[in-house]
Amino acid sequence: MPDHARVLVVGAGPVGLTLANELVRHGISVRIVDKAAERTDKSKALVLWSRSLELFDDAGYAEPFLPAGFQCRGAQISNGKEVMARVSFDSVDSRYAYALMIPQSETERILEERLAAHGVRVERSVELTAFADKGTVVEATLRKADGATETLTADWLAGCDGAHSTVRHGLEFAFEGNTLESDWILGDGFISGLEPNDRLHIFWHRDGILAFFPIVGSRWRVVADFGVATGGGRRPDPSLDEVNEVMAHRGSPTLAMTDPVWLASFRINERKVRDYRKGRVFLAGDAAHIHSPAGGQGMNTGMHDAFNLAWKLALVIKGSAKPALLDSYSPERTAVGERVLRNAGRLTEVATLRNPVLQGIRNTVARFATSFPFVQHKMANALTEMDIGYPESPLTVRDGDAGPGPKAGERWPEKLPAGSGGMKFVAAGPADITAALAAKYPQLVVAANAPGTQGRAPASGLRLIRPDGYVGYAGSAQDPLHAEAYLSTLAG
Ligand SMILES: Cc1cc2nc3c(=O)[nH]c(=O)nc-3n(C[C@H](O)[C@H](O)[C@H](O)COP(=O)(O)OP(=O)(O)OC[C@H]3O[C@@H](n4cnc5c(N)ncnc54)[C@H](O)[C@@H]3O)c2cc1C
């Protein structure tokens, strides 16, 4: 192994693997290490939401996930007697208007195999034990399975090393937040008779929540809260009988699990760091934010961190953009992290209400609100992370009348033009202007209507779409100098 890498990725969970894949796609040399001897065999994060699939699609590798997963079309909430609310994913503003149910073990397998196909092997049983930011490089100490240590220098270090992150500790960043004082159990196994099987089934019972997530065929994940935790530690993992008891009591007496694959108990942590970066060191994924699994957004949000960081690091490493581009990573992603934490917290609070009066109000509001298609649409777009954007980012510039179409900071609604490869900004607007911008900044920009890009020029306005599919600049086509100024600020 080379003893110098452009980027050292610590942690080969879904986030580290996404980051490594993206960097390699951009032609950047990486090393990726994981202290575990093997990748997880657990189903953990079960959902790839629409926006994650779009990001993989723009990067050119959504395809392998699709046959390995199962399309879930919506969610329904019932009280055991009747369905009180339904949310359909059909109306989601995406070319992937569904949730792809796929065990995390499969997601990691696909990402690791893709990385291997590009010549990068995950170095397993290799633990980062210490690191020092030396200003121009980062020096990292790696401990191997046989106890030998290696000192590696890298230009940049990315801590994708999960909730107990060594990198976060090394940065002395506080993981602010708290642990919820309730016990939860999880069962992953086979259940028959739960129909329709392409929906999430949520039961709001007076004694607590019971939620079912389809995995594949008759395999389901069931999750239930057990109320206020007693004692200091996590409760022991549940038995199959306990899982079946709670399913019969809160759901239906006809429901029973067989052949459990995984039974576990857990507690919910809601924590986040303030900054995702210090000098040459970045944090992404659970290393930077953890929250309730309600909404199923932990892994997805972490993968989006990785997509956000990868193109910026790649452009800076190649000298195509100034290092200041990297300053936008933390503000953009901390804003998203805060939102995800807030929403997951609210969902958990609502689902675990114990007061019968409040439960009654909750049920009435849910029934009423979800009877409006626009409310359903908004909820579905939020769950699938389609409504995330960067309106307040230092990288977002709105300038004059850009005409109809996405505003600066919003997601570009189409697949990125093939010729851009998700590696450069795409200039969308009048052909002569976009061609001139691409000619002046070839390292940063490709014209949407250039041959081979298969893009569509919008009717009016001028937009610069970032490599991760968000509009960075939106302005009037009458004033291309402003778009040029935007690019000259970024260009290396
Ligand atoms: C029961 C459960 C259900 C969940 N459901 C969902 C869901 O439906 N949707 C969703 O989006 N998320 C869900 N999540 C959350 C999701 O699993 C995590 O958000 C996700 O695993 C985070 O990925 P990561 O790559 O950031 O970290 P991890 O998956 O934790 O990976 C970190 C890796 O870093 C390695 N590592 C740690 N320290 C070091 C070190 N010092 N040196 C080298 N390697 C190191 C570890 O071995 C590990 O492989 C769920 C989680 C659980 C537990």
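Here the structure is a predicted model, which means the values were calculated and not measured.

Before going further, it helps to examine the overall build of the protein chain. Counting its regular elements, the protein chain contains 12 helices and 26 strands. By the compact-globule yardstick of 23 Å for 492 residues, the protein chain fits well, its C-alpha radius of gyration being 23 Å. In terms of overall dimensions, the protein chain has C-alpha extents of about 70 × 60 × 35 Å along its principal axes. Buried residues in the protein chain amount to 56% of all 492 residues. By sequence separation, contacts in the protein chain at least 24 residues apart represent 73% of the contacts at least 6 residues apart. Only carbon and sulfur atoms are counted for the fraction: they give 54% of the accessible area of the protein chain, which is about 20,100 Å². Averaging the positions of the 54 positive and the 57 negative side-chain charges in the protein chain gives two centres separated by 2 Å.

For the rest of this paragraph, the subject is the pattern of salt bridges. Using the criterion set out here, one finds 34 salt bridges in the structure. Put simply, Arg339 and Asp387 hold a salt bridge, and the shortest N to O gap is 2.8 Å. With Arg339 in helix H8 (residues 329–351) and Asp387 in the loop between helix H10 (373–383) and strand E22 (397–399), this residue pair connects regions lying 48 residues apart in the sequence. Take Asp387: its relative accessible area is 38%, and that puts it in the partly exposed class. The network of salt bridges with common partners includes Arg51, Glu54, Asp57, Asp58, Arg95, Arg411 and Lys415.

Let's shift gears to the domain arrangement of the protein chain. Each assigned domain of the protein chain is listed with its residue range as follows: domain 1 (4–46 + 103–177 + 270–346), domain 2 (181–267) and domain 3 (397–490). Measuring from the centre of the C-alpha atoms in domain 2 to the corresponding centre in domain 3 gives 48 Å.

Residues in contact with the ligand amount to 30 residues; listed here are only the nearest, Asp34, Gln104, Thr166, Asp286 and Met299. Within the contact set of the ligand, an oxygen atom lies 3.3 Å away from a backbone nitrogen or oxygen of Leu46. One of the side-chain N or O atoms of Thr166 is found 2.9 Å from a nitrogen atom in the ligand. Burial of the ligand by the protein amounts to 84% of the accessible area it has alone, namely 1,000 Å². Elements represented by at least two residues in the shell around the ligand include exactly helix H1 (14–25), strand E2 (30–34), strand E9 (127–133) and helix H7 (298–317). The element best represented in the shell around the ligand is H7, accounting for three residues. Across the shell around the ligand, the residue classes break down as 13 nonpolar, 10 polar and seven charged. No fewer than three residues from each of domain 1 (4–46 + 103–177 + 270–346) and domain 2 (181–267) sit in the shell around the ligand.

Spatial strand order, E3-E7-E4: three strands in an open sheet with antiparallel pairing. On the outer flanks of this sheet lie strand E3 (47–48) and strand E4 (70–72), each paired with one strand and no other. As paired elements, E3 and strand E7 (residues 99–101) share two bridges and run antiparallel to each other. Paired with Leu48 across the strands is Leu100, a residue of E7.

On to the packing of aromatic side chains. On inspection of all chains with the given rule, the structure shows 17 aromatic pairs. Here the aromatic rings of Phe56 and Tyr61 are separated by 5.4 Å at their centres, their planes lie at 65°, and the arrangement is edge-to-face. Comparing Phe56 with Tyr61, the two get one shared label, buried. Centre to centre, the rings of Phe203 and Phe212 are 5.9 Å apart; their planes meet at 80°, and the pair counts as edge-to-face. A residue is classified by how much of its surface remains accessible, and Phe203, at 9% relative accessible area, is buried. Among the residues examined, Phe212 registers a relative accessible area of 0% and is labelled buried. Members of the aromatic cluster, joined through ring pairs, are Phe56, Tyr61, Phe65 and Phe307.

Before going further, it helps to spend a moment on the packing of helix H2 (residues 50–59) against H7. When two helices pack together, their arrangement is given by the angle between the helix axes and the distance between those axes. Running from N to C, H2 and H7 cross one another at 30°; their axes reach a closest spacing of 10 Å. As summarised for this structure, H2 and H7 are arranged roughly parallel, according to the angle between their axes. Seen along the crossing, H2 lies across H7 with a hand that is left-handed. Here Arg51, Ser52, Leu55, Phe56 and Ala59 of H2 lie close against H7, whose contacting residues are Asn300, Met303, His304 and Phe307. Residues belonging to the contact of H2 with H7 are distributed by class as follows: five nonpolar, three polar and one charged.

A few words now on the sheet that holds strand E13 (residues 182–191). Strand order across the open sheet formed by seven strands is E6-E5-E14-E15-E16-E13-E17, with mixed pairing between neighbours. Edge positions in the sheet fall to strand E6 (83–88) and strand E17 (257–266), since each has one partner strand and no second. Ignoring strand direction, the axes of neighbouring strands in this sheet form an average angle of 15°. When E13 meets E17, the two strands line up antiparallel, connected through seven bridges. Paired with Gly187 across the bridge in E17 is Leu263. Seen against the sheet, helix H6 (residues 240–250) touches E13, strand E14 (199–205), strand E15 (208–216), strand E16 (219–228) and E17 and runs at an angle of roughly 95° to E17. Taken strand by strand, helix H9 (residues 356–369) contacts E6 and E14, and its axis lies near 150° from that of E14.

Quick look at unusual backbone geometry now. Geometrically, the link from Glu195 to Pro196 is a cis peptide bond, its omega value of -10° lying close to zero. With respect to the element layout, Pro196 can be found in the loop between E13 and E14. The phi angle at Ser125 is positive, at roughly 55°, despite the residue not being glycine. Tracing the backbone through its elements, the reader meets Ser125 in the loop between strand E8 (123–124) and E9.

With 14 residues, helix H4 (residues 104–117) should reach 20 Å at 1.5 Å per residue; the first-to-last C-alpha distance of 20 Å fits that figure. Within the span of H4, buried status applies to Gln104, Ser105, Thr107, Glu108, Ile110, Leu111, Glu112, Arg114 and Leu115. Just downstream of H4 lies Gly119, where phi reads positive at about 85°.

What counts and how
- Along each chain, residues carry numbers from 1 onward, in the same order as the chain's sequence is written.
- Per-residue local features of the predicted model are confined to residues with pLDDT of at least 70, and side-chain atom pairs are confined, for both listing and counting, to 80 or more; whole-chain, interface and lining totals are unaffected and use all residues.
- To get the side-chain values, take all heavy atoms of the structure and skip hydrogens and water.
- Only runs of H or I of at least four residues qualify as helices and only runs of E of at least two qualify as strands under DSSP, and these elements are numbered from the N terminus.
- The quantity called the radius of gyration is restricted to C-alpha atoms. Its globule counterpart is 2.2 Å times the number of residues to the power 0.38.
- Relative accessible area decides the class of each residue, using a 1.4 Å probe on protein chains only: under 20% of the type maximum gives buried, over 50% gives exposed, and in between gives partly exposed.
- Working rule for contacts: check all heavy atoms of both residues, and any pair within 4.5 Å makes them a contact.
- Here the open area of atoms and residues is found with the Shrake-Rupley method and a 1.4 Å probe, where only the protein chains shown may cover a residue.
- Under the convention used here, Asp and Glu are negative, Lys and Arg are positive, and both His and the chain ends fall outside the count.
- Throughout, a charge is located at the NZ atom of Lys, the CZ atom of Arg, the CG atom of Asp or the CD atom of Glu.
- Salt bridge criterion: a side-chain nitrogen from Lys or Arg within 4 Å of a carboxyl oxygen from Asp or Glu.
- A domain assignment, automatic or from a database, supplies the domain bounds used here.
- We call a residue near a given molecule or strand whenever any one of its heavy atoms falls within 4 Å of it.
- By the criterion applied in these results, polar contacts are pairs of N or O atoms within 3.5 Å in which, for protein atoms, one can donate a hydrogen and the other can accept it, and in which residues neighboring in sequence qualify only through two side-chain atoms.
- The residue classification treats Ala, Val, Leu, Ile, Met, Phe, Trp, Tyr, Cys and Pro as nonpolar and Asp, Glu, Lys and Arg as charged. All others, Gly included, are polar.
- Strands are labelled as partners when DSSP assigns at least two bridges between them.
- Working definition: rings of Phe, Tyr and Trp (its six-membered ring) pair if their centres are within 6.5 Å, and the pair is stacked with planes under 30 degrees apart, edge-to-face with planes over 60 apart, and tilted otherwise.
- Fitted lines through C-alpha atoms serve as axes, helices being fitted only where they are in contact, and the angles separating the N-to-C directions of these axes extend from 0 to 180 degrees.
- Throughout this description, any angle smaller than 35 degrees is read as roughly parallel, any larger than 145 degrees as roughly antiparallel, any in the 65 to 115 degree range as roughly perpendicular, and the remainder as oblique.
- Each crossing gets its hand from how the near helix is turned against the far one by less than a right angle, where anticlockwise is left-handed and clockwise is right-handed.
- Expected span of a helix, by definition, is 1.5 Å for each gap between consecutive residues, and there is one gap fewer than residues.

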